[in-house]
Amino acid sequence: MDPSGGVLAARFGLAQQPGVASLAAVARHGVMGARNDHVQRLPVGVDVVVAPGSADIAAGSVGVIARHADKALRHLAPMVIVDAGRLYPGSPATDLVAAADVVVLVATPLTEYLDHVDTRLSALSDSVRRDRVGLVFVGKGPYAAAEIEARLAVPVWAELPRDPRGAGVLAGRLMGRTWQRTALVRALRDLAVTVRQRAPQPDTAGLEAVDR
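Residues numbered from 1 in each chain as written. Predicted model: local features only at pLDDT ≥ 70, side-chain atom pairs only at ≥ 80, totals over all residues. Heavy atoms only, no water.

Asks: Any chance you could break down the nonpolar core for me, citing the residues and the numbers?
Replies: Ranked by size, the top nonpolar core spans 39 residues in total, and within it M1, I65, L73, L96, L105 and L135 carry the most contacts. When neighbours within four sequence positions are excluded, I65 is seen to be in contact with M1, V20, L23, A24, A72, L73 and L96. (Core = buried A, V, L, I, M, F, W, Y, C linked by side-chain atoms within 4.5 Å. Buried < 20%, exposed > 50% of the residue type's maximum accessible area, 1.4 Å probe, protein only. Contact = heavy atoms within 4.5 Å.)

Structure below.
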């Protein structure tokens, strides 16, 4: 759901259809059809709805899906993780973030990036409660998690390691039998548990939004 366009299809050699564009087309007409009409599976075993590479098509599709978020996404699975891209002012994905049960903001823990997180939190305050938001940092920075939490009034849910092998697998560049034991994947597994604990039970909802 990144309005700037997606890269998963290109990285993993998948077709761009079915995906976000096909999902938007049926959402516009209110006839959702089967889940598998829009889902593809990555080699790592994850089901995805891939975004088109074109920003023009992606932005239009995300805008349609955002207006019909409940019926367009909640029928796909009990829990859906939405990659909303960068949350710039006026992003078509903003309404998806507002509809999410849990919001995860991903950033590098350096001053210049924390300033961006601070301004985004302020901009989201009208539509997203702070108790639904958690921070995830990639790599180390000069500040302890407790310092950042005190400054931004939002908890740090995870600190992801800079792991070239794990990142390579998740980017479609590497593979191997031991990829699930990489440091990055282990950290992501712990993050998944944390997010799941904060989300409503499957019978009540299931949208997570990720801003990177």
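Asks: Quick one: what's the story with helix α3 (residues 55-67), residue by residue and with numbers?
Replies: The periodicity of an α-helix, 3.6 residues per turn, causes residues three or four positions apart to be oriented the same way. Helix length check: α3, at 13 residues, gives a terminal C-alpha distance of 18 Å against a target of 18 Å (1.5 Å per residue), a fit within 8%. Of all the positions in α3, only A58, S61, V62, G63, V64, I65 and A66 are classed as buried. Among the structural elements, α2 (20-29), α4 (69-73) and α5 (94-99) are those in contact with the buried residues of α3. Capping the start of α3 is the job of one residue whose side-chain oxygen sits 3.4 Å from the backbone nitrogen of D56: S54. (Helix = DSSP H or I, 4+ residues; strand = E, 2+ residues; numbered from the N terminus. Expected span 1.5 Å × (residues − 1). Polar contact = N/O pair within 3.5 Å; in protein donor to acceptor, adjacent residues only side chain to side chain.)

Asks: So what about α2? Which residues, and what values?
Replies: Among the residues of α2, V20, A21, S22, L23, A24 and A27 are the ones counted as buried. On the buried face of α2, the contacting elements are α3 and α4. A positive backbone phi angle near 80° is found at G30, which sits one or two residues after α2.

Asks: Which residues make up the environment of V133, and what are the values?
Replies: Positionally, V133 belongs in strand β5 (residues 133-138). A relative accessible area of 4% places V133 in the buried class. Beyond its immediate stretch of four places on either side in the chain, V133 contacts V103, L105, L121, V128, V154, P155 and W157.

Asks: Summarise the pattern of salt bridges; cite the residues concerned and give the values.
Replies: Throughout the structure, instances matching the rule amount to four salt bridges. As a salt-bridge pair, D47 and R35 come within 3.0 Å of each other at their nearest N and O atoms. Linking D47 in strand β2 (residues 47-48) with R35 in the loop between α2 and β1 (40-41), this pair joins segments that are 12 residues apart in sequence. For R35, a relative accessible area of 29% translates into the label partly exposed. (Salt bridge = Lys/Arg side-chain N within 4 Å of Asp/Glu carboxyl O.)

Asks: If you had to explain the pairing of strand β6 (residues 156-160) to someone new, which residues and values would you point to?
Replies: Of all the five residues making up β6, four are buried; the element is thus mostly covered by neighbouring parts of the structure. When β5 meets β6, the two strands line up parallel, connected through four bridges. Counted as the bridge partner of F137 is E159 from β6. Taken together, β5, helix α7 (residues 145-152) and β6 constitute a β-α-β crossover, and its handedness is right-handed. (Pairing = 2+ DSSP bridges. Right-handed = clockwise from strand over helix to strand, strands pointing away.)

Asks: Would you mind going over the packing of helix α6 (residues 111-124) against α7 in detail, with residue names and values included?
Replies: Angle between the axes and distance between the axes are the two parameters that describe a pair of packed helices. Interhelical geometry of α6 versus α7 gives an angle of 35° and a closest axis separation of 11 Å. Seen from above, α6 lies across α7 with right-handed handedness. When α6 is examined against α7, the residues L114, D115, V117, D118 and L121 are found in contact with a partner set consisting of I148, R151 and L152. Grouping the constituent residues of the contact of α6 with α7 by class yields five nonpolar, no polar and three charged. (Axes fitted to C-alpha atoms, helices over the stretch in contact; angles between N-to-C directions. Left-handed = near helix turned anticlockwise from the far one by under 90°. Nonpolar A, V, L, I, M, F, W, Y, C, P; charged D, E, K, R; others polar.)

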